[in-house]
Amino acid sequence: MRKRILFFAILILCGFVVCVAQQSLNVLFVGNSYTQVNNLPQMVKNIASSMGDELNYQSNTPGGCTFYQHCYNNSMAMICNGGWDIVVLQEQSQYPSFPQEQVEMEVFPYAQRLVDSIYSNNPCCEPMFYMTWGRKNGDADNAVYFPVLGTYEGMDSMLCERYTYMAQEYDASLCPVGRVWRYLRENHSEIELYQSDESHPSLAGTYAAACAFYVLFFHRNPELITFSSSLPQATAQTIRSAVRSVVFDNLTQWQRPKPQASFTFEMIDNNTVSFFSTSQNVSNLTWYFGEEATSYNQPDDNAIEHTYSETGTFVVSLVAERHCMTDTARADITIADNSSINIINDEKEGSISFYPNPAKDVLNINCPENVKLTSVILCDMYGKIVAQNYCLSNDNKTISLNLDNIASGSYILQINTEKATYTYKTMITK
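K.L.:
Which residues make up the overall build of the protein chain, and what values go with them?
P.N.:
The helix and strand inventory of the protein chain stands at twelve helices and 20 strands. Counting all 430 residues of the protein chain, 50% fall into the buried class. Once local pairs closer than 6 in sequence are excluded, the contacts in the protein chain between residues at least 24 apart make up 63%. Entry remark: accessible area of the protein chain is about 20200 Å², with carbon and sulfur atoms responsible for 48%.

K.L.:
So what's going on with the environment of Val30? Residues and values would help.
P.N.:
Considering the arrangement of structural elements, one finds Val30 in strand β2 (residues 16-30). Residues Val30 and Pro62 lie 32 residues apart in sequence; the distance between their C-alpha atoms is 9.1 Å. When neighbours within four sequence positions are excluded, Val30 is seen to be in contact with Asn60, His70, Ser75, Val87, Val88, Leu89 and Gln90.

K.L.:
An account of unusual backbone geometry is requested, with residue identities and associated values reported.
P.N.:
A cis amide bond, omega -10 degrees, links Tyr355 with the succeeding residue Pro356. Mapped onto the elements of the fold, Pro356 is located in the loop between β14 (353-355) and β15 (362-366). In this model, Ser229 sits at a positive phi of 55 degrees, which is unusual for a non-glycine residue. Looking at Ser229, the relative accessible area reads 33%, which means it is partly exposed. Despite not being glycine, Asn281 shows a phi value in the positive range, around 55 degrees. Looking at where Asn281 falls in the secondary structure, it is placed in the loop between β8 (272-277) and β9 (284-288).

K.L.:
Hey, could you go over the state of the cysteines for me, with residue numbers and the actual values?
P.N.:
Each disulfide consists of one covalent bond between the sulfur atoms belonging to two cysteines. Using the criterion set out here, one finds one disulfide in the structure. Between the sulfur atoms of Cys124 and its disulfide mate Cys324 the distance is 1.8 Å. On the S-S bond that ties Cys124 to Cys324, the torsion sits near -65 degrees, and the link is left-handed. Residue Cys124 is found in the loop between α6 (108-121) and β5 (126-130), and its partner Cys324 is found in the loop between β12 (312-322) and β13 (325-335); the two are separated by 200 residues along the sequence. Of the residues examined, Cys324 reaches a relative accessible area of 40% and is grouped as partly exposed.

K.L.:
Which residues make up the sheet that holds β15, and what values do they have?
P.N.:
With antiparallel pairing, three strands are arranged side by side in an open sheet as β14-β15-β18. The open sheet has two edge strands with one neighbour each: β14 and β18 (398-402). Going across the sheet, the axis of each strand differs from the next one's by a mean of 20 degrees, ignoring polarity. Examined bridge by bridge, β14 and β15 share three bridges and lie antiparallel to one another. Across the sheet, the residue bridging to Tyr355 is Asn364, located in β15.

K.L.:
Hey, could you go over helix α11 (residues 233-246) for me, with residue numbers and the actual values?
P.N.:
Taking 1.5 Å of rise per residue, the 14 residues of α11 would be expected to cover 20 Å, and the 20 Å separating its terminal C-alpha atoms lies within 8% of that figure. Within α11, the full set of buried residues consists of Ala236, Ile239, Arg240, Ala242, Val243 and Val246. Take α11 and look down its axis: the buried residues cluster within an arc of 160 degrees, on one side only. Pointing more than 90 degrees away from the buried face of α11 are the exposed residues Gln233 and Ala234.

K.L.:
I'd like a rundown of the pairing of strand β16 (residues 373-379), residues and numbers included.
P.N.:
Buried residues dominate β16, accounting for six of its seven residues. Pairing of β16 with strand β19 (residues 409-417) involves six bridges; the strand directions are antiparallel. Opposite Val376, over in β19, you have Ile415 as the bridge partner. Pairing analysis gives five bridges linking β16 to strand β17 (residues 385-390), with the strands arranged antiparallel. Its bridge partner lying in β17, Ser375 is registered against Tyr390.

K.L.:
Pulling in residues and values, what's your account of the packing of aromatic side chains?
P.N.:
Inspection of the entire model under this criterion finds 24 aromatic pairs. Ring centres 6.1 Å apart and planes at 65 degrees place the aromatic pair Phe263 and Phe275 in the edge-to-face group. Note that Phe263 is positioned in strand β7 (residues 263-267) and Phe275 in strand β8, a separation of twelve residues in sequence. Phe275 gets classed as buried once you look at its relative accessible area, which sits at 0%. An aromatic cluster is built from Phe29, Tyr34, Tyr57, Tyr130, Trp133, Trp181, Tyr194, Phe213 and Phe217, whose rings are joined through pairwise contacts. Between the NZ or CZ atom of Arg185 and the centre of the ring of Tyr152, over which it lies, the distance is 3.5 Å.

So, how was this worked out
Residues numbered from 1 in each chain as written. Predicted model: local features only at pLDDT ≥ 70, side-chain atom pairs only at ≥ 80, totals over all residues. Heavy atoms only, no water. Helix = DSSP H or I, 4+ residues; strand = E, 2+ residues; numbered from the N terminus. Buried < 20%, exposed > 50% of the residue type's maximum accessible area, 1.4 Å probe, protein only. Contact = heavy atoms within 4.5 Å. Areas by Shrake-Rupley, 256 points an atom, 1.4 Å probe, with all protein chains shown as cover. Disulfide = S-S within 2.5 Å. Pairing = 2+ DSSP bridges. Axes fitted to C-alpha atoms, helices over the stretch in contact; angles between N-to-C directions. Expected span 1.5 Å × (residues − 1). Arc of directions from axis to C-beta. Phe/Tyr/Trp six-rings, centres within 6.5 Å; stacked < 30°, edge-to-face > 60°. Lys NZ or Arg CZ within 6 Å of the ring centre and 35° of its normal.

Below is the structure:
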């Protein structure tokens with residue numbers, strides 16, 4: 001649903017083609033007066049337009065509305081209608097800062113219900129919590145029951161802790177507006193972020209929130225924003241710089257985790273390989289072995305084996321998926337039929353074999369009864385000897401090379417007998 005459209009303008013006189021990348025998003029804002037005051041959604045839209053991006057939004061922001069109420073009002077119907085790229089969730093300004101037991105009863109269950117409904121009706125949507133801020137001088141009325149709320153710092157820290165928990169626990173992104181406000185209060189106290197009620201945002205406070213949301217929505221550097229609303233240019237630039245420091249420079253901290261694909265593998269025999277996913281943040285894995293595709297819906301700790309029907313080098317891919325986001329890991333697997341390598345020379349020495357190929361920890365060389373091995377040498381592709389074994393006894397019909405300290409790659413194996421020298425290409429995989 002997230003659309004990326006590329007527009008081309010051809011300048012005939014200059015002979016250049018100018019490409020402007022535009023992003024278009026459908027966003028639903030679910031909140032209350034902190035979102036409604038100064039029309040935060042429209043301000044984000046104005047910023048996006050000034051940067052060449054498009055934001056289509058709807059909102060439901062009744063004054064003082066809680067997550068509990070949003071679960072039963074028009075917000076839930078709007079979520080269930082689907083079609084959203086992002087849904088922003090803002091709780092009543094005080095509730096997340098209350099004592100733990102109260103928050104666990106009155107906030108967390110309904111935050112989870114909203115996020116679950118978002119994913120159920122918008123599988124590729126990104127839920128995003130709106131971290132608000134502590135009141136200018138704390139929450140004096142509730143500090144009687146919960147003293148930490150008696151100061152801005154105490155209340156703001158509780159809000160940060162609870163919103164961070166909700167984002168991590170319920171698999172959502174987090175717009176850290178409260179952290180931007182704290183940065184500005186500590187470093188640019190001349191900028192007034194509050195209205196006279198010491199709670200709701202001033203124009204500068206809303207602008208700080210809007211810049212933060214724009215960065216999380218479109219992943220662009222806020223210092224390039226040209227829209228300043230009606231703020232003095234210097235004030236707007238200071239706010240944009242704060243948003244860069246807190247949000248843009250730490251994007252991965254605030255975004256829900258993306259899938260990370262990775263895997264290891266081990267040769268079972270000449271043509272069977274065991275693969276084990278070490279991927280993270282995954283809901284679905286799909287394996288591509290170079291011959292055919294196998295997929296399963298839930299990753300687990302079990303290895304998956306594949307037996308190749310042909311020899312050769314195959315590109316193995318593992319695609320990890322989560323909320324319509326994907327990541328791919330790849331590795332080259334070489335399958336060689338070395339169960340018996342037949343070498344018939346003038347002296348009729350018979351067959352000599354080595355296994356496994358590819359090898360991991362050890363490489364074994366076998367020879368028939370009438371052949372005496374004198375040495376086995378393993379060289380890299382530049383001719384440098386990396387392992388060797390000299391045979392001093394007539395009884396040596398099988399010898400081994402230890403590969404513990406040898407890196408993965410292609411190597412040349414030289415097998416020397418009393419009568420001949422044989423050279424093969426082999427693979428080592430770790």
